Amino acid sequence: MKKIITIVSLTFLVAQDEFFEPGVNLGGYGELHYTNSVDPDSDDDPTTELDFHRWILFVNYNWTSEWSFKSELEIEHNMIDGNGDYDGEVELEQAYVNYHDAKGNWGYGAGVVLISAGIINEIHEPPTFLSVERPAYNKNIIPTTWFGNGAMAYGSFGDFHVKFVLHEDMKGESMISGTSFSGLRGGRSKGYKSTAYSWIKNIAMHYNGISGLNVGGSFTFNDAPINGDKDNNVAWNLFEVHAQYNANNVIGAFEFGQVKFTHNAPDGTDPADILTDQVASGYYMHLGYNVALLIGWEDCKLVPWF
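These numbers come from a predicted model, not from an experiment.

Reading guide: rules and limits
Residues numbered from 1 in each chain as written. Predicted model: local features only at pLDDT ≥ 70, side-chain atom pairs only at ≥ 80, totals over all residues. Heavy atoms only, no water. Helix = DSSP H or I, 4+ residues; strand = E, 2+ residues; numbered from the N terminus. Buried < 20%, exposed > 50% of the residue type's maximum accessible area, 1.4 Å probe, protein only. Contact = heavy atoms within 4.5 Å. Lys, Arg positive; Asp, Glu negative; His and termini not counted. Charge placed at Lys NZ, Arg CZ, Asp CG, Glu CD. Patch = residues over 30% accessible without salt bridge, like charges linked within 9 Å, V, L, I, M, F, W, Y side chains within 5 Å. Areas by Shrake-Rupley, 256 points an atom, 1.4 Å probe, with all protein chains shown as cover. Salt bridge = Lys/Arg side-chain N within 4 Å of Asp/Glu carboxyl O. pLDDT = per-residue confidence, 0-100. Pairing = 2+ DSSP bridges. Axes fitted to C-alpha atoms, helices over the stretch in contact; angles between N-to-C directions. Polar contact = N/O pair within 3.5 Å; in protein donor to acceptor, adjacent residues only side chain to side chain. Core = buried A, V, L, I, M, F, W, Y, C linked by side-chain atoms within 4.5 Å. Phe/Tyr/Trp six-rings, centres within 6.5 Å; stacked < 30°, edge-to-face > 60°.

Caption draft 1: Examining the overall build of the chain more closely. Helix and strand counts for the chain stand at two helices and 14 strands. With the C-alpha coordinates of the chain rotated into their principal frame, the extents come out at 75 × 70 × 45 Å. Per-residue burial over the chain gives 37% buried out of 306 residues. In the chain, the share of contacts with a sequence separation of at least 24, taken over all contacts with a separation of at least 6, comes to 56%. Looking at the chain, you have 17 positive and 40 negative side-chain charges, and the mean spots of the two groups are 9 Å apart.

Caption draft 2: Local environment of a negative patch on the surface. A contiguous patch of negative charge on the surface is contributed by Asp39, Asp41, Asp43, Asp44 and Asp45. Judged by relative accessible area, which is 43%, aspartate 39 ranks as partly exposed.

Caption draft 3: Region of the structure containing the pattern of salt bridges. Here the structure, examined in full by the defined rule, presents five salt bridges. The shortest N-O distance in the salt bridge between glutamate 31 and arginine 54 comes to 3.1 Å. One end of the pair, glutamate 31, is in strand S1 (residues 23–37); the other, arginine 54, is in strand S2 (residues 47–62), with 23 residues separating them in the sequence. For arginine 54, a relative accessible area of 5% puts it in the buried group.

Caption draft 4: Highlighting the confidence of the model for the chain. Looking at the chain as a whole, the pLDDT averages 89, with 92% of positions reaching at least 70. Overall, residues 1–16 carries pLDDT values under 50, and its contacts beyond four positions in sequence, including any with other chains, amount to nine contacts.

Caption draft 5: Focus on the sheet that holds strand S10 (residues 200–207). With respect to topology, twelve strands assemble into an open sheet ordered S1-S2-S3-S4-S5-S6-S7-S10-S11-S12-S13-S14, the strand pairing being antiparallel. On the outer flanks of this sheet lie S1 and strand S14 (278–289), each paired with one strand and no other. Recorded for the sheet is a direction-independent mean angle of 15 degrees between the axes of neighbouring strands. Two elements, strand S4 (residues 87–100) and strand S5 (residues 106–114), share six bridges in a ladder whose sense is antiparallel.

Caption draft 6: Up close: the side chain of threonine 128. Within the secondary structure, threonine 128 is located in the loop between S5 and helix H1 (137–140). A polar atom in the side chain of threonine 128 sits 3.2 Å from the backbone oxygen of isoleucine 123. With sequence-adjacent residues up to four places away left out, threonine 128 is seen in contact with Ile119, Ile120, Ile123, Gln244 and His286.

Caption draft 7: The arrangement of the nonpolar core in detail. Counting 29 residues, the largest nonpolar core has Trp146, Met170, Met175, Leu184, Trp236 and Leu238 as the members making the most contacts within it. Of all elements in the fold, only strand S11 (213–226), strand S12 (229–247), strand S13 (250–264) and S14 reach the threshold of two or more residues within this core. Those residues within four positions of methionine 170 in sequence are excluded, and the remaining contacts are Trp146, Met175, Leu184, Gly187, Arg188, Ile200, Asn222, Ala224, Pro225 and Trp236.

Caption draft 8: Molecular detail of the packing of aromatic side chains. Scanning the entire structure with this criterion turns up twelve aromatic pairs. Ring centres 5.9 Å apart and planes at 40 degrees place the aromatic pair tryptophan 146 and tryptophan 236 in the tilted group. Separated by 90 residues along the polypeptide, tryptophan 146 in the loop between H1 and strand S6 (147–157) and tryptophan 236 in strand S12 bring together distant segments of the chain. With respect to burial, tryptophan 146 and tryptophan 236 carry one shared label: buried. Measuring from centroid to centroid gives 4.9 Å for phenylalanine 160 and tyrosine 207, while their planes differ by 45 degrees, and the two rings are tilted. Placement of the pair is phenylalanine 160 in strand S7 (residues 160–167) and tyrosine 207 in strand S10, with a sequence separation of 47 residues.

Caption draft 9: Region of the structure containing a nonpolar patch on the surface. A cluster of nonpolar side chains, contributed by Leu32, Tyr34, Leu50, Phe52, Trp55, Leu73, Ile75, Ile80, Val90 and Leu92, occupies part of the molecular surface with about 950 Å² of accessible area. Put simply, the parts of the chain that give the nonpolar patch at least two residues each are S1, S2, strand S3 (67–80) and S4. Note on placement: phenylalanine 52 falls in strand S2. What makes phenylalanine 52 partly exposed here is its relative accessible area of 32%.

Caption draft 10: Up close: unusual backbone geometry. Here the amide bond leading from proline 126 into proline 127 is cis, since omega sits at 5 degrees, within 30 degrees of zero. With respect to the helices and strands, the residue proline 127 is situated in the loop between S5 and H1. Backbone torsion omega between threonine 144 and threonine 145 reads 10 degrees, so that peptide bond is classified as cis. If you check the backbone angles, tryptophan 199 has positive phi at about 65 degrees while not being a glycine. Within the fold, tryptophan 199 resides in the loop between strand S9 (180–181) and S10. The phi dihedral of asparagine 227 falls on the positive side, at around 55 degrees, and the residue is not glycine. Counting through the fold element by element, asparagine 227 comes out in the loop between S11 and S12. Asparagine 227 gets classed as exposed once you look at its relative accessible area, which sits at 64%.

Caption draft 11: Representation of the side chain of serine 116 in the model. The residue serine 116 is located in the loop between S5 and H1 in this model. We classify serine 116 as buried; its relative accessible area is 3%. At 2.9 Å, the side chain of serine 116 and the side chain of glutamate 122 are in polar contact. Those residues in contact with serine 116, other than ones at most four positions away along the chain, are Glu122, Lys163, Val165, Asn202, Ala204, His206 and Ser218.

In structure tokens, the structure reads:
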């Protein structure tokens, strides 16, 4: 049987405002971590580690005031080699064409995009979180950074902001092995030869009508195929709510998330090979106070926190 493969290529030209000048914007940040670890149950000396955890380069090109290309390239742990002696990574965490209307009320984009789930996944630069490492919650409940191939649309209605993302499938075989469960983190395709049998559906809403306060939540779900078999999949859904406050020198955040998993196996599968329903949930919080003004430091922040 002959297979016909159709490839669609879309090329577009955009009109340029006579007062707008196209250009490139560059940005980025880096994190060098010093960690001193003490085992309270051991008489061993403390262990220390220096790790250049990540280096990020942002590249943004504006064709017009509405059309732009946005990208984010990350190098983690400084070094990669083919022998496995160094476990660094190079990741293209964002690379998408974006349209944002002139009034700033709505827009859409497509390419390598981020899932809009939780506080930290989309805005994962310090000081969104006050700790040195990202909260463990953002590894075990919402895998940060969660990126991949997809498209998005977003809009604002007064003080309410809504975003919808269609994303590549998760890899079901990486979330379960036999009857063991490993969660969402290992299931990310990260834009590499991903599938779109089910598509991840992600919708998020935020409210920021009170100065300094941002309250929101999201719902995300997918039937993740196991080894490319859409009829043998892991159906999962993620629900999270969160709140941030940053005003009057107070910096605080709270987030709660819950993920539910169900193994949908084809007829005839041995019940011993079917994963029973699983639920994972967690939360994190931080609260700090900027004392810089109290000691006369007007151009910086100094935030003791817990």
